[in-house]
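# Examining the three-dimensional arrangement
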Amino acid sequence: PMPFDRLNAHGGLRAREDGLWDLSSEAFHVATPDGGSAHGDLKLTGLGGAEPFIDLTATAENIPAESAPLYYPYSIMFPALVEWLDNALANGQADKATVRVYGPANEIPYDLPPKAGGKDDRIFRIVGDGSGVSLTYFPGIPPIDDLRARVVFDRLAFTGEAFDGRQGESRKVHGRVG
């Protein structure tokens with residue numbers, strides 16, 4: 001869950017005839033304890049049932065790297081990835097991250113997209129842009145400092161791009177994984 005100091009939202013909670021609940025917020029704004037913020041729209045339908053549905057569009061801004069673990073979706077992450085992230089990231093911030101989730105809430109993060117010609121309208125996509133990051137890619141290798149980076153989580157796929165970092169005497173260090 002996202003920690004927050006203040007939450008403003010306009011929306012509603014509706015009990016349905018089938019005993020389930022629908023929650024909607026056409027405009028929410030969250031101020032976080034670390035100086036960041038998030039805003040967006042959220043609809044959760046079928047709450048209390050076996051297959052609740054989520055429709056979320058949100059943007060988060062100015063989240064410090066040291067606060068990143070507060071925002072990890074631990075329940076869908078491999079423990080080895082969490083450990084690597086905890087050891088690899090320092091300094092800097094996520095300047096902006098966009099989140100789009102659409103589909104059955106209990107199936108997040110969804111399988112990889114179907115092959116060509118297949119149809120699947122479920123979406124789980126997070127795109128984050130960061131700056132001033134120090135990245136220790138592997139223990140014993142000097143960190144890359146003052147890095148600008150973009151990470152993309154698209155369902156189960158991950159892509160990371162690094163731009164304009166410094167590593168020792170090297171400048172404009174860049175790379176891509178995923």
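Quick note: structure is the one above.
Before going into details, it helps to say that this report is about the structure given with it. (Residues numbered from 1 in each chain as written. Predicted model: local features only at pLDDT ≥ 70, side-chain atom pairs only at ≥ 80, totals over all residues. Heavy atoms only, no water.)

### Things to note about unusual backbone geometry
Note the following rule: The secondary structure listing takes helices from DSSP runs of H or I that are at least 4 residues long and strands from runs of E that are at least 2 residues long, numbered from the N terminus.
The peptide bond linking Ile108 to Pro109 adopts the cis configuration, its omega dihedral lying at 15 degrees. Secondary-structure assignment places Pro109 in the loop between strand E6 (93–104) and strand E7 (123–135). The phi dihedral of Asn62 is positive, around 60 degrees, even though this residue is not glycine. Among the secondary structure elements, Asn62 is positioned in strand E4 (residues 53–64).

### With respect to the environment of Asp55
Selection criterion: Should any heavy atoms of two residues lie within 4.5 Å, those residues are counted as being in contact. Think of a polar contact as two N or O atoms within 3.5 Å of one another; within protein, one of them needs to be a possible hydrogen donor and the other a possible acceptor, and neighboring residues in sequence only count if both atoms come from side chains.
Along the polypeptide, Asp55 turns up in strand E4. Asp55 sits 17 residues away from Ala38 along the chain, and the two C-alpha atoms are 16 Å apart. Every residue in contact with Asp55, bar those within four places of it in the chain, is listed here: Asp41, Leu42, Lys43, Arg100, Val101 and Tyr102. In this structure the side chain of Asp55 is engaged in a polar contact, spanning 2.6 Å, whose partner is the side chain of Arg100.

### Remarks on the pattern of salt bridges
Counted only if it meets this: For this document, the term salt bridge refers to a Lys or Arg side-chain nitrogen within 4 Å of an Asp or Glu carboxyl oxygen. Here the term buried applies to any residue with accessible area under 20% of the maximum for its type, exposed to any over 50%, and partly exposed to those in between, with areas from a 1.4 Å probe on protein chains only.
Counted under the stated rule, the structure contains eleven salt bridges. Of the charged contacts, one joins Arg16 and Asp18 as a salt bridge, the two residues approaching to 2.8 Å between their closest N and O atoms. Its salt-bridge partner being Asp154, residue Arg125 comes within 3.2 Å of it at the nearest N-O pair. Of this pair, Arg125 sits in strand E7 while Asp154 sits in strand E8 (residues 144–154), and the two are 29 residues apart along the sequence. According to the relative accessible area criterion, Arg125 is partly exposed, its value standing at 35%.

### Structural notes on the pairing of strand E2 (residues 21–31)
Put simply, the rule reads: Should DSSP find at least two bridges between two strands, the strands are regarded as paired.
Inspection of the sheet shows strand E1 (residues 6–15) paired to E2 by ten bridges, in the antiparallel sense. Paired with Gly11 across the bridge in E2 is Ser25. Linkage of E1 to E2, two consecutive antiparallel strands, is achieved through a turn of five residues, within which Gly19 is found at a positive phi near 90 degrees. Across eight bridges, the pairing between E2 and strand E3 (residues 37–47) is antiparallel. Counted as the bridge partner of Val30 is Ala38 from E3. Between E2 and the antiparallel strand that follows it, E3, lie five residues; Gly35 among them carries a positive phi value of about 95 degrees.

### Quick notes on the nonpolar core
Quick reminder of the rule: We define a nonpolar core as any set of buried Ala, Val, Leu, Ile, Met, Phe, Trp, Tyr and Cys residues linked to one another through side-chain atoms lying within 4.5 Å.
Counting twelve residues, the largest nonpolar core consists of Phe28, Val30, Ala38, Leu44, Ile54, Leu56, Ala58, Ala60, Ile63, Val101, Tyr110 and Phe124. Mapped onto this core, the elements with two or more residues apiece are E2, E3 and E4. With five residues, E4 is the largest single contributor of residues to this core. With sequence-adjacent residues up to four places away left out, Phe28 is seen in contact with Leu7, Asn8, Ala9, Ala38, His39, Gly40, Asp41, Leu42, Leu56 and Ala58. Judged by nonpolar contacts, the second largest core, of seven residues, contains Val133, Leu135, Leu147 and Ala162.

### Focus on the packing of aromatic side chains
Let me state the cut-off plainly: The pairing test for Phe, Tyr and Trp rings, Trp by its six-membered ring, is centres within 6.5 Å, and the orientation test on the planes gives stacked under 30 degrees, edge-to-face over 60, and tilted for anything in between.
This model, assessed by the stated rule, comprises three aromatic pairs. Their ring planes at 85 degrees and their centres at 5.0 Å tell us that Phe53 and Tyr102 sit as a pair that is edge-to-face. Taken together, the residues Phe53 in strand E4 and Tyr102 in strand E6 connect sequence positions 49 residues apart. When its relative accessible area of 28% is taken as the criterion, Phe53 is described as partly exposed. Between Phe153 and Phe158, the ring centres sit 5.1 Å apart and the planes meet at 50 degrees, which makes this aromatic pair tilted. Accessibility expressed as a relative area gives 33% for Phe158, which makes it partly exposed.

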